[in-house]
Amino acid sequence: MQNSEAMALSAALLAVAGELTQRINDGVVARGFEGVRPAHGFAFARLAPDGATVTDLAAHLGVTKQAASQLVEEMVRKGYVERRPHPDDARARLVVLTGRGWGCTRAAEEAAAEAVREWGDALGEREVRALGEQLLRIAPRGPIRPAW
């Protein structure tokens with residue numbers, strides 16, 4: 001593959017990822033979850049299903065502990081998460097999704113499904129499934145981080 005072809009493929013993948021992120025966020029907002037932004041969704045992915053410490057969340061997002069702490073404080077104010085005593089470490093606090101946070105997560109799943117269904121309309125369901133399988137073969141393992 002020529003450099004120009006590789007660059008075009010890279011640009012297309014980045015454009016699709018950016019559009020998907022925006023579509024999911026727009027879908028969440030349209031479902032009544034005001035005040036959310038894509039960074040919240042990336043945090044929710046780490047907090048579900050069992051919660052996490054601020055330190056865990058910082059590592060997942062690739063940010064400082066202070067930045068993760070500010071994000072958690074914002075999500076607490078908006079009612080999406082709460083802090084609880086850590087079951088295994090008396091010095092730590094566990095950040096967990098509230099009912100509102102879980103509702104927001106379900107709304108994100110619905111919005112993602114809508115976006116992917118549209119890919120099926122454009123490419124055909126079989127092609128979308130094949131694309132998914134191919135992307136899973138090359139996708140890095142580990143957290144999906146926002147592009148800050």
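Our structure is the block above this text.
None of these values were measured; they are calculated from a predicted model.

1. So, the pattern of salt bridges
Side-chain pairs of opposite charge can arise where the charged atoms are in close proximity. Within the structure shown, the criterion is met by ten salt bridges. A salt bridge links R31 to E110; the nearest nitrogen and oxygen atoms lie 2.9 Å apart. A residue pair is termed long-range when its members are at least 10 positions apart, and R31 in the loop between helix 1 (3-30) and helix 2 (38-47) and E110 in helix 5 (residues 99-123) qualify at 79 residues. Relative accessible area serves as the criterion here: at 29%, R31 is assigned to the partly exposed category. Judged by relative accessible area, E110 falls into the partly exposed class, the value being 42%. Notably, a salt bridge pairs K78 with E74, separated by 3.0 Å at the nearest N-O pair. In this structure E74 comes out as buried when scored by relative accessible area, which is 13%. Because the salt bridges share partners, they merge into one network encompassing R31, E110 and E114.

So, how was this worked out
- Residues numbered from 1 in each chain as written.
- Predicted model: local features only at pLDDT ≥ 70, side-chain atom pairs only at ≥ 80, totals over all residues.
- Heavy atoms only, no water.
- Salt bridge = Lys/Arg side-chain N within 4 Å of Asp/Glu carboxyl O.
- Helix = DSSP H or I, 4+ residues; strand = E, 2+ residues; numbered from the N terminus.
- Buried < 20%, exposed > 50% of the residue type's maximum accessible area, 1.4 Å probe, protein only.

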